[in-house]
Structure formats: structure tokens, C-alpha cells
Amino acid sequence: MIEADVIIVGAGPTGLMLAAELRLAGVRPLVLERQPQRRVTPKAGGLGGQILELLRYRGLLERFQAACTDPVPAPRFPFGGVHLDFTQLADPPMHALPLPQQLLEQLLDERAGELDVDLRRGHEVVGVSQDAAAVTVDVRGPDGPYQVIARYLVGCDGARSRVRDRAGIGFPGTTYPEVNRLAQVTLPDTVTILGNGDLDVPGFGTIRAGFTRTDRGLFGVSASPTSTVVSLYTIEDESTEYDDDTPMTVTELQDSLRRVLGVDLPVGKALRLSRFTFKAHQAERYRHRRILLAGDAAHLFPATGVAINAGMLDAVNLAWKLAADIHGWAPAGLLDTYHHERHLAGARTMLHTRAQVALRRGHDVAAEALREVFQELLADESPLRRMGALVAGTDIRYPMPGSDQHALAGTFAPDLTLHTDQGTTSVAELMQTARPVFLDLADRPDLRQIAGDWQSRVEIHTAKADQRPADAVLIRPDAHVAWAATIDEPADTAAPALREALTGWFGTP
Ligand SMILES: Cc1cc2nc3c(=O)[nH]c(=O)nc-3n(C[C@H](O)[C@H](O)[C@H](O)COP(=O)(O)OP(=O)(O)OC[C@H]3O[C@@H](n4cnc5c(N)ncnc54)[C@H](O)[C@@H]3O)c2cc1C
């Protein structure tokens, strides 16, 4: 007997976002998370890219901004040893929030609670099987083992995804030997922080402030005589494979300092210890019949700052498609567009993060020259904007069926200000409920009448827009434009084209 519409394995950022989006689409997910409590291992220090705009479209951005621990920094992002410096631009193509991952997960958890998501912590998925009708999951819970049967299962279970393994989905790619360790610690009185930020270590001598490259890797220190807390950073190549969920220890940090710099550094209190490694892996497919993958289970990128953005956007893309299938109106092939669209987006993120590996790992003069040339190019506005859109994931244009598509089709819907009979609103406001929207911006009763056949699934709005990039726009729940038309041609094909788009995305009326 089917007990859940969708089982989500894993309550990280991807699984929690998916659960909330499914609830908005009227589906009841069951989230199974093996850890009994929310995690405390420090991971991402912030959230950036297209997901921030999506959160704004869901009416959540202000809440996320309010939870930030630090002021929002000037937009400047590392990119493989160089920097994307958007401070010169009034409207930067990329934004970020200094929202540590623990806080992000807390907010997403609270949101899931508000939407009445069934979230079970301390429940580990140990087995998965599927047939034509359902997925069966073996769970090890606090009260013993049990089984759940669901229509679909989504593995949001991270880099070492058991779901991916059980579904037999390949995860080819490269694991780089580079291990980065970042620590904020206090030092005992025996170590002196000099006026210029250098450290004087008994029995070793002076460690220069800033970065020091050695035969074994890179060491960095940032210290000030006015603060007892110093930041330490090491990068070295290692053959050990680490699990990101295994916390780094002070001993691990000290061992790394000894290898990279040859120093025995006494450490007082550790305020933050984190380790990250770089892998470039992407699941061969994001769907195998009734099992789907999202987030780190589907992709691992070899650079920082992009993974959560990609994972949460996977969730937003997938939720409404799964819901359409469960509600029984999904047109043929709708669920497969999840793989087509998000695998494409993942490949694009892989492209620039792999380029970052090439930029950052070279240590000879030729590599230095490459970084310098790259940094010079990024001083110009056009390449800077282009790179910003690439890193943010805002340049994604999903391929839409049919030829001769409008320039908006497949892109993230622009946030137009809309004047309606009921007052002024915006695309962002209309997307808060995560329902498809048909926008008639040129007062076309014939188009509204066609859309009316789908009114149980699609919201219909007539408005005047200050800026009108199209006369009519059909927007999917993930805020991507399914279809748009500018009606200036003598043979007006908008009506049949709209009907085709509505059928193609939202099924037969
Ligand atoms: C030190 C560090 C810094 C990082 N910095 C950044 C950054 O700045 N920006 C960024 O975007 N990303 C960053 N990342 C990566 C980011 O943390 C991950 O991309 C993100 O956590 C992935 O989210 P997810 O929900 O897909 O998977 P995860 O967060 O890995 O969540 C998976 C969940 O599934 C659960 N699970 C696994 N197996 C099972 C099972 N069998 N049954 C039930 N539950 C299961 C796990 O317990 C876990 O809670 C960083 C990572 C590290 C380690």
C-alpha cells in the first residue's frame, strides 16, 4: 500500500527545499534523515547565486537576510585564484548572503515545519527497490526497522548517496588530491602575535603574515595583535579521502601545519575548524524510473560557493513536475525534463568550476601569467558580467520545445512591475504560491480564453507592465518562462502556440 507520495532521503538544504516546494504544490512528502539532530559541522559560510532571487520570488528573502550573522559584504567572489570584483557595478550580476549553512538549514527546517512536512530525524534509509508502480524503502528508525512504500523517491542524501548506488546510477568524475583546511583558533601565550601580524613561535621562529608557499603546499595566516583569534589556512595534496560530515580536529590541523610548514604550532581554543576537498562528479542521469537525485547526490563541483545554489535549484525544478505527476495531469515526458534541464545546468557549473581548478592549481610562472591575464580581463564590465551570470547560474536558458522561440522562453522570468485592476503587483509577488502564471500584457481576450481552459492549474492575470519584454508570458512554478510572444507579425500565431505550450507543460485541460 502506498503510504507517501514522495520520500525524500536527506534533510540537507536540497531535501528541505524540495519538501517545502512539494508542500506548496499540494503534495505530502516524507523526509527521512539519518542524523537524530540538525548537523553542527560547519560547512558553507554563505549562500549565493540565482537561488536568492528564487527565495525572493517565494517571499522568503527578507527572512533569510534577517538571519545573517554578518553585514552583507560588497560583492566580491573568489574564482580559481583570481577575484570577480563586482564592487564597481551598481547592479552586480551576482549576490550572496553571509548565512552559515547551519542557519540556512535551521530556516529551511522551520519553513518545512510551518508547511507541516513529515520530517523524521534519526531514520536511516538502508535499502531501496522499485517496480513499475512504487518505490519500497527499508528504514532503520529509533524503534527498529520498517518499510515505507511511495510513488517516488528523491535521493538528497549527499555526496556518498546510498540512493544513487542502489539505483545503479553512475557517478563518473575526478577527485582532486587537494585538501583545504580552514581554522579560527586562539593561540597560547607562548606564541606572540607581532605588530605586523607575523607570528613568533618558540623553537621555530617567525611565520610571516599572509600566504607562504612551500614544497608541500600553501599556508596562510591572518592575525592581529589586537585580537586573540587567528585564522589559519592550509592547502596540500593528500591521497586520503575525507567524508565532509566527519569534523576536522585540532590534531588534524596541527598535523597539516607540520607537513606544510614544518611547524609544531601549539593551539588554544578552536572556534571554527573546517576542511573541504574538491571533486568533479556528475550523476550520469538524475532519474532512474521512480528514483531521482538532487543536490550533492547528483553533482559535486571542484570549487566553493556554488553547490547549495545548484542543489536548491534542482529541488525547485523538480518539485512541481513530481507534483504534476502525482496529481495526474503531467504531460508525457514532463518528469524527464528535470534531468534534461538540471543536468545541463550542472554541466555548466562543472564547466566553470573545472576551469577554476586549472586556474588555481598551477604554481609555475606560466600559471601566474594565466591568472594575471584572467584578472585583467575581469576588470572590464562585459566579461565581468558574463562570468558573474555563469557563476550565479543566471545565464541558464532551458531548451524549450519547438522552433522560433521568443528570447524569454526558457529563461528565469524577469521581475516586471504589473499594474492590474486590483492595484500594482509584480512577477515576484505572483510567484509566491509557486503556481504557473499566464500573464496577458497586451489585453488579449482570445489568449485569456485559451488559458481559461487550464484555470484550475494556471493563474491568469491581465496587467500593464512598465517594461514589456513580451505581450504574453507563461511562467512555470520554478519561475522559468515556458512560452512568451511578442505579437507584431501579420500572421498572429500566438493563440495556437499558447495552447501548445499549455498542453506541453500543464497537460490536457
Ligand atoms: C567545509 C565546507 C564548506 C563548504 N562551503 C560551501 C559554500 O561556501 N557554498 C556552497 O554552496 N557549498 C559549500 N559546501 C558544500 C555544501 O555544504 C553542500 O553542497 C551541501 O551541504 C549539499 O546539500 P545537500 O542537501 O545536497 O546534501 P547534504 O547537505 O550532504 O545533506 C545530505 C543529508 O542526507 C542525509 N543522509 C545521507 N544518507 C542518508 C540515508 N541513507 N538515510 C537518511 N539520511 C541520509 C545526511 O545525514 C545529510 O543530512 C561546503 C562544504 C564543506 C564541507
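Reading the values: rules and limits
Residues numbered from 1 in each chain as written. Predicted model: local features only at pLDDT ≥ 70, side-chain atom pairs only at ≥ 80, totals over all residues. Heavy atoms only, no water. Helix = DSSP H or I, 4+ residues; strand = E, 2+ residues; numbered from the N terminus. Buried < 20%, exposed > 50% of the residue type's maximum accessible area, 1.4 Å probe, protein only. Contact = heavy atoms within 4.5 Å. Lys, Arg positive; Asp, Glu negative; His and termini not counted. Charge placed at Lys NZ, Arg CZ, Asp CG, Glu CD. Polar contact = N/O pair within 3.5 Å; in protein donor to acceptor, adjacent residues only side chain to side chain. Axes fitted to C-alpha atoms, helices over the stretch in contact; angles between N-to-C directions. Parallel < 35°, antiparallel > 145°, perpendicular 65-115°, else oblique. Left-handed = near helix turned anticlockwise from the far one by under 90°. Nonpolar A, V, L, I, M, F, W, Y, C, P; charged D, E, K, R; others polar. Domains from an automatic or database assignment.

S.K.: Pulling in residues and values, what's your account of the overall build of the protein?
M.R.: Looking only at helices and strands, the protein features 13 helices and 28 strands. Expressed along its principal axes, the backbone C-alpha trace of the protein runs to roughly 85 × 60 × 40 Å. Counting only residues that meet the buried cut, the protein has 52% of its 509 residues in that class. Across the protein, the fraction of contacts at a sequence separation of at least 24, relative to all contacts at a separation of at least 6, is 70%. Across the protein, the 51 positively charged side chains and the 65 negatively charged ones have centroids separated by 4 Å.

S.K.: Describe in detail the side chain of T234, supporting the description with residues and values.
M.R.: The topology assignment puts T234 in strand β17 (residues 229-237). Within the local environment of T234, its side chain forms a polar contact with the side chain of S256, the two groups lying 2.9 Å apart. Ignoring anything within four residues of it in the chain, the contact list for T234 reads V179, N180, R181, L218, F219, S256, L257 and V260.

S.K.: Any chance you could break down unusual backbone geometry for me, citing the residues and the numbers?
M.R.: Backbone geometry at A434 places phi at a positive 60°, although glycine is not the residue there. If you trace the backbone, A434 turns up in the loop between α11 (427-430) and β24 (437-440). Among the residues examined, A434 registers a relative accessible area of 10% and is labelled buried.

S.K.: Before we move on, can you summarise the packing of helix α7 (residues 307-327) against helix α8 (residues 336-361) with the specific residues and values?
M.R.: The contact between α7 and α8 brings their axes to 9 Å, and the two run at 160°. With respect to α8, the axis of α7 lies roughly antiparallel. Handedness of the crossing formed by α7 with α8: right-handed. Taking contact as the criterion, the partners of A310, L313, D314, N317, L318 and K321 in α7 are, on α8, T337, Y338, E341 and R342. Per-class residue counts for the contact of α7 with α8 are four nonpolar, two polar and four charged.

S.K.: I'd like a rundown of the domain arrangement of the protein, residues and numbers included.
M.R.: For the protein, the domain assignment lists domain 1 (4-171 + 283-392), domain 2 (177-277) and domain 3 (417-506). Relative placement of domain 2 and domain 3: their C-alpha centres are 56 Å apart.

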